[in-house]
Amino acid sequence: MSLLGRLVPVADLSPQARGQMLDLMHRHYANVDANAFAADLAEKQWAVCVRHPETKQLCGFSTQMLLDAVVEDRPVKALFSGDTIVDRQYWGDQALTRASGRFALSLIDEYPEAELYWFLIAQGYKTYRFLPVFFHEFYPRHDAVTPPHARRVIDALARHKYPEGYDSAAGVIRASVKQYRLREGIADITPERLRDPHVRYFAERNPGHTRGDELCCLAPLAQSNFTPAAYRVIGPRGPNQHAEDAH
């Protein structure tokens, strides 16, 4: 039975939903602080929420916001994905990915003239592994050097969002002592996983992921940059349907 995904303005989240989100964080991350989570959620604009179709229990979510930055005197926009988790009993369900993808497509429709990106920070390999499956062009990656223009966009967005924690030389947000981290067994990198060149590259680029360091990643948001695999999950949508379905 597939979960149901929906985009919800953060201002519309009920106290019950916020409590269920915090509970999911506690069960999948160590060192979660309720006040820090609430403050992080408050700065976000939306949450993609997935629920059980019968019980309506919250089974996963991803917080979202639009960032604006200036790169070489030109404005850029980026969809930033913050806290993201799906209850492990529903791993493999595509509802969160489907709703997130439709939301991203709605932004492409909403800002047709903008230089638009998806800015993602990856603490676990599963988050990073999303990029090669769903995007043709993304950075950083094992099979191509990050071009200077993409590096400048990553630097501008990371410095804007994390002015104190961003290590530009490594392209990583360094974890503070208060940073939460994935619990053991959630996204462990095993020798078998390291056979995947994408996972191996993630581990090499972000060796501090176990303590909460996050690799800064970028993908241009354009309909042509989504892979066939992405559209198989998102579904065939007409331009005017994306925003309606996402909201």
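Just above sits the structure.
Since we're looking at a predicted model, the values are computed, not measured. All residue numbers refer to position in the chain's written sequence, counted from 1. Side-chain atom pairs in this predicted model are given and counted only at pLDDT of 80 or more, local residue features only at pLDDT of at least 70, and totals for whole chains, interfaces and linings cover all residues. Heavy atoms from the whole structure form the basis of all side-chain values; hydrogens and water molecules are not counted.

Caption draft 1: Structural detail: the overall build of the protein chain. Of regular secondary structure, the protein chain possesses eight helices and ten strands. Here the globule rule reads 2.2 Å times residues to the power 0.38, and the radius of gyration is calculated from C-alpha atoms. The C-alpha atoms of the protein chain give 17 Å as radius of gyration, which agrees with the globular expectation for 247 residues (18 Å, within 12%). Residues classed as buried in the protein chain amount to 50% of the 247 residues present. Contact between two residues is taken to exist if any of their heavy atoms lie within 4.5 Å; hydrogens are not considered. Within the protein chain, residue pairs in contact and separated by at least 24 positions form 72% of the contacts whose partners lie at least 6 positions apart. We get accessible surface area from the Shrake-Rupley algorithm with a probe of 1.4 Å; when it comes to residues, only the shown protein chains can shield them. Summing over all exposed atoms, the protein chain offers an accessible surface of approximately 12,100 Å²; the carbon and sulfur share of this is 50%. Neither His nor the chain ends contribute to the count of charged residues, in which Lys and Arg are positive and Asp and Glu negative. Think of each charge as sitting on NZ of Lys, CZ of Arg, CG of Asp or CD of Glu. Seen as two clouds, the 29 positive and the 30 negative side-chain charges of the protein chain have centres 4 Å apart. Comment: elements are numbered from the N terminus, with helices defined as DSSP H or I runs of at least four residues and strands as E runs of at least two. A 1.4 Å probe rolled over the protein chains alone gives each residue an accessible area, and that area as a share of the maximum for its type sets the label: buried under 20%, exposed over 50%, partly exposed in between.

Caption draft 2: Inspection of the sheet that holds strand E4 (residues 58–71) at higher detail. Any two strands with at least two DSSP bridges between them are considered paired. Spatially, eight strands are ordered E1-E3-E4-E5-E6-E10-E8-E7 in an open sheet, and the strand pairing comes out mixed. Only two strands of the sheet have a single partner each, and these edge strands are strand E1 (4–9) and strand E7 (166–167). Across six bridges, E1 lies against strand E3 (residues 46–51) in antiparallel orientation. Looking at the pairing, Gly-5 lines up with Val-50 of E3. Packed on one face of the sheet, helix H1 (residues 15–28) meets E3, E4 and strand E5 (74–86) and runs near 90° to E4. Note on definitions: angles span 0 to 180 degrees between N-to-C directions of axes, and those axes are lines fitted to C-alpha atoms, for helices only across the stretch in contact. Each of strand E6 (116–122) and strand E10 (214–220) touches helix H4 (residues 125–134); the most contacted strand, E6, lies at about 150° to it.

Caption draft 3: Fine view of the packing of H4 against helix H6 (residues 197–205). At a closest axis distance of 10 Å, the pairing of H4 and H6 adopts a crossing angle of 130°. Taken together, the axes of H4 and H6 are oblique relative to one another. The handedness of the crossing between H4 and H6 comes out as right-handed. Contacts from Tyr-125, Tyr-128, Arg-129 and Pro-132 in H4 reach His-198, Val-199, Tyr-201 and Phe-202 in H6. Amino acids are sorted into nonpolar (Ala, Val, Leu, Ile, Met, Phe, Trp, Tyr, Cys and Pro), charged (Asp, Glu, Lys and Arg) and polar (every other residue, Gly among them). Of the residues that constitute the contact of H4 with H6, the class distribution is six nonpolar, one polar and one charged. Angle categories: roughly parallel below 35 degrees, roughly antiparallel above 145, roughly perpendicular from 65 to 115, and oblique for all the rest. Two helices cross in a left-handed way if the nearer one is turned anticlockwise from the farther one by less than a right angle. They cross in a right-handed way if the turn is clockwise.

Caption draft 4: Looking closely at the side chain of Asn-206. Mapped onto the fold, Asn-206 is located in the loop between H6 and E10. Taking relative accessible area as the criterion, Asn-206 reaches 0% and is therefore assigned buried. Setting aside its immediate chain neighbours within four residues, Asn-206 contacts Ala-122, Gln-123, Val-172, Asp-213, Glu-214 and Leu-215.

Caption draft 5: Here's a closer look at unusual backbone geometry. Cis geometry marks the peptide bond from Tyr-139 to Pro-140; its omega dihedral reads -5°. Among the secondary structure elements, Pro-140 is positioned in the loop between H4 and helix H5 (148–161). Although it is not a glycine, Asn-31 adopts a positive phi angle of roughly 70°. Position of Asn-31 relative to the elements: it lies in the loop between strand E2 (29–30) and helix H2 (34–43). On the basis of relative accessibility, which here comes to 37%, the residue Asn-31 falls in the partly exposed class. Notably, Glu-72 is not glycine yet its phi reads approximately 50°, a positive angle.

Caption draft 6: Quick look at the nonpolar core. Ranked by size, the top nonpolar core spans 42 residues in total, and within it Leu-79, Trp-118, Tyr-128, Leu-131, Phe-135, Leu-221 and Phe-226 carry the most contacts. If one sorts the elements of this core by residue count, helix H3 (residues 95–110) sits on top with eight residues. Residues belong to a common nonpolar core when they are buried Ala, Val, Leu, Ile, Met, Phe, Trp, Tyr or Cys residues joined through side-chain atoms within 4.5 Å.

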